[in-house]
Amino acid sequence: MDVFKDAVSRLNRLGMEAGIDLEVLQTLNYPEQTVTAALPVRMDNGRTEIFVGHRCRFNSALGPTKGGIRYHPGVTVEEVQALALWMTIKCSLANIPYGGGKGGVTVDPKSLSPMELERLSRSYMRAMVDVVGPCRDIPAPDVYTNARIMGWMADEYERIKRQKEPGVITGKPIELGGSLGRDEATGRGAYLVTRQLAQKLNWNPGDIRVALQGFGNAGYHVARLLHADGYRIVAVSDSQGAIYSEKGFDVESLYKYKQEQRKLEAVYCEGSVCSLQEHQRISNEELLELDVDLLIPAALEGVINESNASRIKAPVIVEVANGPIDSGADALLEQQGIQVLPDVLANAGGVVVSYFEWVQNRQGWAWGLEQVRERLQETLAEAFDNMWQVHKDEGVPLRNAAYAVALRRISKAISSHGTQEYFQNGEG
Ligand code: GLU
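Quick look at the structure, then. Nothing here was measured: the structure is a model prediction, and the numbers come from that model.

Procedures and definitions
- Residues numbered from 1 in each chain as written.
- Predicted model: local features only at pLDDT ≥ 70, side-chain atom pairs only at ≥ 80, totals over all residues.
- Heavy atoms only, no water.
- Near = heavy atom within 4 Å.
- Polar contact = N/O pair within 3.5 Å; in protein donor to acceptor, adjacent residues only side chain to side chain.
- Areas by Shrake-Rupley, 256 points an atom, 1.4 Å probe, with all protein chains shown as cover.
- Helix = DSSP H or I, 4+ residues; strand = E, 2+ residues; numbered from the N terminus.
- Nonpolar A, V, L, I, M, F, W, Y, C, P; charged D, E, K, R; others polar.
- Expected span 1.5 Å × (residues − 1).
- Buried < 20%, exposed > 50% of the residue type's maximum accessible area, 1.4 Å probe, protein only.
- Patch = residues over 30% accessible without salt bridge, like charges linked within 9 Å, V, L, I, M, F, W, Y side chains within 5 Å.
- Salt bridge = Lys/Arg side-chain N within 4 Å of Asp/Glu carboxyl O.

1. What to know about the site of the ligand
Then, in step 1: Around the ligand, a shell composed of 14 residues is seen, among which Lys66, Lys90, Pro141, Asp142 and Ser354 lie nearest.
Then, in step 2: Here an oxygen atom of the ligand sits 2.8 Å away from a polar atom, N or O, in the side chain of Lys66.
Then, in step 3: Between the ligand and Asp142 there is a distance of 2.8 Å, counted from a nitrogen atom to a side-chain nitrogen or oxygen.
Then, in step 4: For the ligand, whose unbound accessible area comes to 290 Å², protein coverage reaches 95%.
Then, in step 5: Ranked by the residues each element gives to the shell around the ligand, the list is headed by helix 12 (residues 349-363), at three residues.
Then, in step 6: For the shell around the ligand, the residue count by class is four nonpolar, five polar and five charged.

Below, the structure is given as structure tokens:
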């Protein structure tokens, strides 16, 4: 099954369980708009290469559509649509005034020169200029895109529109209207909700051994903050492989080393002296199946599925990636009593601070870092509590509870235009 069909089937299953109106669910089975465009790029050797880009505005019942743009060789239109559906749920659960959207380009960005990357990013924005807009659809970074790329895209949009419009895109460099705290926001958000869950489970951070799959922006920040609280990060992976050490890694040293060497190696730092820390090299698949207390998939979708779900040993999974567990694995994990803190909450910190950035752009007034962090904490705490309440009251797993909260909010917005009952009886 493709990833979009999988996302829709989960949405329907959880939506029906939550008593969501069938008309509403039907509306959410199709994206409002998906645009696929050819992106011609002049390469450094003078040749023109055509890349393919997509942008999906999934549902705008609660506001302009919102979501990142991904650069990855595996990008497909179905993946973009699935990610846009998840953004719709995520924004609703966080109670920010957005619908869901997503974009992507099928490309290996590591194979492009910086100048080719700039031309590709500008080409994407030229193709999508009528799709996006501060009150219509607002992109942001995602896998393998970053603040600089957002800055190029904002600049291209503003050149075409002949006016400054910083609210067209979020995750920009601070100098171009970006928000303080946006770079760490996804990881910090994941950390904050993990901490809330830890309180419910009476965890003592010192006893918790963590395996982290994916050491990109989100993975690094969540590991850094958990490590600072005393959690032991015993396994970390990137796209080239994984490392394991029972003693636990020093996250900052690992990150520094990865920045310098562009790969993950186990380093141990004392003061400024770094030496190799004893570690075992394992595969990404082995990392997922480690006997740890907390598993954090923070890379790509579908890594936990029907083929490996029964071998997962961690009693708690925090989904920092979007869609790392496919819908077929939900029931298997549930049978094993594994608790999943779902992506639509665990990685919502990024889009919440994107929302703050957009508010600041529209107000023309920049907030301080502490204000951003405090409001992020408040927003996520409320979303967590709402999810937890449904989890307890209705006796359903956390993902079901999160979808119930989000879908009920979207459903109310859609129903405010009138339901079948209203149009038949003039009331309702
Ligand atoms: N790409 C991030 C996500 O999947 C952030 C989206 C945004 O900030 O709009 O949530």
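Picking up where we left off.
2. A closer look at helix 3 (residues 77-93)
Then, in step 1: The end-to-end C-alpha distance of helix 3 is 25 Å, a good match for the 24 Å that 17 residues give at a rise of 1.5 Å each.
Then, in step 2: The buried fraction of helix 3 is high, at 15 of 17 residues.
Then, in step 3: One or two residues past the end of helix 3 sits Asn95, with phi positive at roughly 60°.

3. Description of a nonpolar patch on the surface
Then, in step 1: Among the surface-exposed residues, Ile174, Leu180 and Leu369 lie close enough to one another that they form a single nonpolar patch of about 220 Å² accessible area.
Then, in step 2: Along the chain, the position of Leu369 falls in helix 13 (residues 369-394).
Then, in step 3: Given a relative accessible area of 30%, Leu369 falls into the partly exposed group.

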